[in-house]
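# What the coordinates show
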Amino acid sequence: MTAPQTLDRAGIAQRIPHSGSMCLLERLESWDADAIHCSTTTHAQAGNPLRTAGGLLAPNAIEYAAQAMALHGGLLAAEGSTPSAGFLASARNVKLAVARLDDIAGALQVRANRLSGDDRQILYEFTVKADDGRMLAEGRAVVVLNTPLAAESTTPS
């Protein structure tokens with residue numbers, strides 16, 4: 001059996017370490033070895049766990065992108081294997097075009113492109129856009145894999 005080309009929220013939640021309301025992505029639209037495209041409307045939900053009294057602030061777009069990267073890693077893992085534990089080590093050249101995400105109409109379009117990587121770290125570029133194509137956030141992120149810190153963050157206490 002091969003990895004699916006599309007997934008709903010339940011399928012995504014099975015493949016990333018985020019569960020319940022913290023699983024922010026609702027649909028895997030497409031993916032290949034180098035890129036992933038997901039969409040979601042969770043930014044507009046009053047119960048979004050990242051929402052503050054000021055709303056869902058734009059820097060949270062990085063978390064949406066990081067979840068897409070985690071899903072990408074899970075889809076790339078060999079069938080029957082456990083995806084490598086990882087964590088977001090840095091986000092660079094981040095540009096935010098809006099102050100908040102919760103007032104954006106329609107779905108967020110979350111894309112991540114793998115630029116380079118090995119068994120220890122991966123460099124992605126990401127974009128978060130509105131349904132109308134308007135750029136909301138973009139940047140680069142490094143995901144570090146298979147480190148003691150990453151292993152500790154995925155081990156139940």
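To keep things clear, this report deals only with the structure shown in the data block.

What counts, and where the lines are drawn
- Numbers given to residues run from 1 along each chain, matching the order in which its sequence is written.
- Thresholds applied to this predicted model are a pLDDT of at least 70 for local features of residues and 80 or more for the giving and counting of side-chain atom pairs; totals over whole chains, interfaces and linings are not thresholded and use all residues.
- Side-chain metrics in this entry use all non-hydrogen atoms of the structure; hydrogen atoms and water are not considered.
- Secondary structure elements follow DSSP: runs of H or I of four or more residues count as helices, runs of E of two or more count as strands, with numbering from the N terminus.
- With a 1.4 Å probe rolled over the protein chains alone, any residue whose accessible area is under 20% of its type maximum counts as buried; one over 50% counts as exposed, and the rest are partly exposed.
- Any two residues whose heavy atoms approach within 4.5 Å at even a single point are treated as in contact.
- The definition of a polar contact used here is a pair of N or O atoms within 3.5 Å, where within protein one atom must be able to donate a hydrogen and the other to accept one, and adjacent residues in sequence count solely through side-chain atom pairs.
- The rule for pairing is simple: two strands pair if DSSP sees at least two bridges between them.
- To get an axis, a line is fitted to the C-alpha atoms, and for a helix only the part in contact is used. The angle between two axes follows their N-to-C directions and goes from 0 to 180 degrees.
- Any Lys or Arg side-chain nitrogen located within 4 Å of an Asp or Glu carboxyl oxygen qualifies as a salt bridge.
- In these notes, a set of buried Ala, Val, Leu, Ile, Met, Phe, Trp, Tyr and Cys residues joined through side-chain atoms within 4.5 Å is what counts as a nonpolar core.

The secondary structure content of the protein chain amounts to three helices and seven strands. Reading the secondary structure of the protein chain in the N-to-C direction produces β-α-β-β-α-β-β-β-β-α. Out of the 157 residues belonging to the protein chain, those deemed buried represent 37%. For the protein chain, the share of sequence-separated contacts (at least 6 apart) that also reach a separation of at least 24 residues comes to 60%.

A few words on the environment of Val143. Structurally, Val143 can be placed in strand β7 (residues 135-145). According to the relative accessible area criterion, Val143 is buried, its value standing at 13%. A C-alpha to C-alpha distance of 8.5 Å links Val143 and Arg120, two positions 23 residues apart in sequence.

Further remarks concern the side chain of His72. Tracing the chain through its elements places His72 in helix α2 (residues 61-76). Reaching out from His72, the side chain makes a polar contact with the side chain of Tyr124 at a distance of 2.8 Å. Other than its neighbours up to four places away in sequence, His72 contacts Trp31, Asp32, Ala33, Asp34, Ala35, Ile36, Arg114 and Tyr124.

Strand order in the open sheet formed by seven strands is β1-β2-β3-β5-β6-β7-β4, with antiparallel pairing between adjacent strands. The open sheet has two free edges, formed respectively by β1 (7-8) and β4 (86-96), since each of these has just one partner strand. In this sheet, strand β6 (residues 121-130) lies alongside strand β5 (residues 108-117) in antiparallel orientation, the contact comprising nine bridges. The residue bridging Gln109 from the neighbouring strand is Lys129, located in β6. In the packing of α2 onto the sheet, contacts are made with β1, β2 (27-31), β3 (35-40), β4, β5, β6 and β7, and the angle to β3 comes to roughly 130 degrees.

Another aspect to go through is the pattern of salt bridges. As enumerated under the stated definition, the model contains four salt bridges in all. One salt bridge in this structure joins Arg100 and Asp102, with 2.6 Å as the shortest N-O distance. Take Arg100: its relative accessible area is 32%, and that puts it in the partly exposed class. With a relative accessible area of 11%, Asp102 lands in the buried category.

Between β5 and β6, which follow one another and run antiparallel, lie three residues. Bridge count between β6 and β7: nine bridges; the pairing is antiparallel. When the bridges of β7 are listed, Gln121 appears paired with Val144. The hairpin formed by β6 and β7 contains four residues between the paired strands, and Gly133 there has a positive phi angle of roughly 90 degrees.

Right, let's get into the nonpolar core. Of all hydrophobic cores here, the largest spans 36 residues; its most connected members are Leu28, Ile36, Tyr64, Met69, Leu71, Val110 and Leu136. When residues of this core are traced back to their parent elements, those giving at least two are β2, β3, α2, β5, β6 and β7. Here this core takes seven residues from α2, the largest share from any one element. Beyond its immediate sequence surroundings of up to four residues, Tyr64 is in contact with Leu24, Leu25, Thr40, Thr42, His43, Asn48, Leu56, Leu101, Leu108 and Val110.

A few words on the pairing of β3. For β3, a buried count of five out of six residues is recorded, marking the element as mostly surrounded by other parts of the structure. Here four bridges tie β2 to β3, and the two strands are oriented antiparallel to one another. Following the sheet pairing, Trp31 is matched in β3 by Ile36.

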